[in-house]
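The lines below spell out each chain.
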Amino acid sequence: MIYLDNAATTPMSPAAISAMTQVMQETYGNPSSIHGHGRQAGKLLREVRQELARLLGTKPQHIFFTSGGTESNNTAIIGYCLRHQDRGKHIITTAIEHHAVLEPIEYLVEKFGFEVTILEPENQEITADQVKNALREDTILVSTMYANNETGTLLPIAEIGKVLNDHQAVYHVDAVQAVGKIEILPEELGIDFLSASAHKFYGPKGVGFLYAATTDFDSYLHGGDQEQKKRAGTENLPAIIGMVAALKDDLEHIEPNFEKVQKLQETFLAEMDGSNYYLNQGKEQLPYVLNIGFPGQRNDLLLLRLDLEGISISTGSACTAGVVQVSHVLQAFYGEDSPRLHESVRVSISPQNTEQEMITLAKTLKNIIGG
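Notes on the structure follow. Everything numeric here is computed off the predicted structure, so don't read it as measured data.

**Quick notes on the packing of aromatic side chains**
Aromatic rings considered in pairs are described by the distance between their centres and by the relative angle of their planes.
Right, so step 1: Inspection of the entire model under this criterion finds six aromatic pairs.
Right, so step 2: Measuring from ring centre to ring centre gives 5.7 Å for tyrosine 107 and phenylalanine 112, while their planes differ by 70 degrees; the resulting arrangement is edge-to-face.
Right, so step 3: The exposure class assigned to tyrosine 107 is partly exposed, which follows from its relative accessible area of 37%.
Right, so step 4: According to the relative accessible area criterion, phenylalanine 112 is partly exposed, its value standing at 30%.
Right, so step 5: With a centroid separation of 5.8 Å and an interplanar angle of 85 degrees, the aromatic rings of phenylalanine 333 and tyrosine 334 are classed as edge-to-face.
Right, so step 6: Owing to a relative accessible area of 9%, phenylalanine 333 belongs among the buried residues under this scheme.
Right, so step 7: An aromatic cluster is built from Phe64, Tyr80, Phe193 and Phe217, whose rings are joined through pairwise contacts.
Right, so step 8: Lysine 230 extends its terminal NZ or CZ atom over the ring of phenylalanine 217, reaching a point 4.9 Å from the ring centre.
Right, so step 9: Taking NZ or CZ as reference, arginine 340 lies 4.5 Å from the ring centre of tyrosine 334, over its face.

Below, the structure written as structure tokens:
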């Protein structure tokens, strides 16, 4: 079996598994309890929050633990906009965002009368000038991803942050596909809210975090005082420990991991040389995600035939209940009538993959498409 769908989820790292196993065996108290077992858990929770803050170049009070990227996105977008709607009801986002960003914004539009400007990519790129030109006096939030989950395209985060320096709008960044792959220091980039999910960087599923430069946002989970009264519910300490252990391990190996994944992608493309294919990408890319299309080949059938050969890839986001749907990202890139929407697949690579696996994928694809 060859696993090349790491943008959907990653296997857990040994560092995460080891850290989680230890805390599950030794620290089972509720961090909010005042007895000895609770104090032990609370101390560990404070320490791991401090460690995550150190990794992000910020302070512990800016870290909020959540159930993952979707909750982090919803908390930042809905929580901030509802709290500050008296300042304005205009939001800016892009057409290539994950549904965990687009749907909370749609909710605000439909239920609370917000307005949204959705930036369309120009030559497969989103630019800071587009954001600048879309700003209005009543804009209160700009939300973009760091790296696209379907194509690996990088957005100009630092440049957008500078555009917003002198504007009331806060900047939310969905960094789910970027955290652990490149160094991200939100305070240096002008980011006000940043969302991440552990299972995208070799941690456990069901846990993530929200970096928030301010606590001035509404909570929509009520019933406890956890997370500075911003996220009620007992913290999932083993998962949090595993998440931070995974991220620390990633960041300690960030350069060799990046270089290895680049090499793996190059190996695959070299093996595909002479075949009839095209790439769907922008100028700035993460090598971890490769979106590739084959003229005249149905992507759903490609997935099926590769699966029968023991190779797992995808057509895009995994958050569509197992259904192969037309990519809204490629639709934004090329238009709703483009054949690329039905010909393209996503290969998402991990440092745990091998050159032989990339060669096997290429050879299997060439056998299928007859190239």
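**Structural notes on the sheet that holds strand E8 (residues 208-212)**
Right, so step 1: Pairing in this open sheet of seven strands is mixed, and the strands run E2-E8-E7-E6-E5-E3-E4 from one edge to the other. The open sheet has two edge strands with one neighbour each: strand E2 (63-66) and strand E4 (115-119). On average, adjacent strands in this sheet sit at an angle of 20 degrees to one another, irrespective of strand direction.
Right, so step 2: The sheet contact formed by strand E3 (residues 90-94) and strand E5 (residues 139-145) spans three bridges and is parallel. Its bridge partner being in E5, isoleucine 91 is matched across the sheet by leucine 141.
Right, so step 3: Contacting E2 and E8, helix H2 (residues 36-56) crosses the sheet at an angle of about 115 degrees to E2.

**Some remarks on helix H14 (residues 355-369)**
Right, so step 1: Between its first and last C-alpha atoms H14 spans 21 Å; for 15 residues at 1.5 Å apiece the expected length is 21 Å, and the two agree.
Right, so step 2: Burial in H14 covers these residues: Glu357, Met358, Ile359, Leu361, Ala362, Thr364, Leu365, Lys366, Ile368 and Ile369.
Right, so step 3: Taken together, the buried residues of H14 touch strand E1 (2-3), helix H10 (254-271), helix H11 (299-308), strand E11 (311-312) and strand E12 (344-348).

Analysis parameters
Residues numbered from 1 in each chain as written. Predicted model: local features only at pLDDT ≥ 70, side-chain atom pairs only at ≥ 80, totals over all residues. Heavy atoms only, no water. Phe/Tyr/Trp six-rings, centres within 6.5 Å; stacked < 30°, edge-to-face > 60°. Buried < 20%, exposed > 50% of the residue type's maximum accessible area, 1.4 Å probe, protein only. Lys NZ or Arg CZ within 6 Å of the ring centre and 35° of its normal. Pairing = 2+ DSSP bridges. Helix = DSSP H or I, 4+ residues; strand = E, 2+ residues; numbered from the N terminus. Axes fitted to C-alpha atoms, helices over the stretch in contact; angles between N-to-C directions. Contact = heavy atoms within 4.5 Å. Expected span 1.5 Å × (residues − 1).

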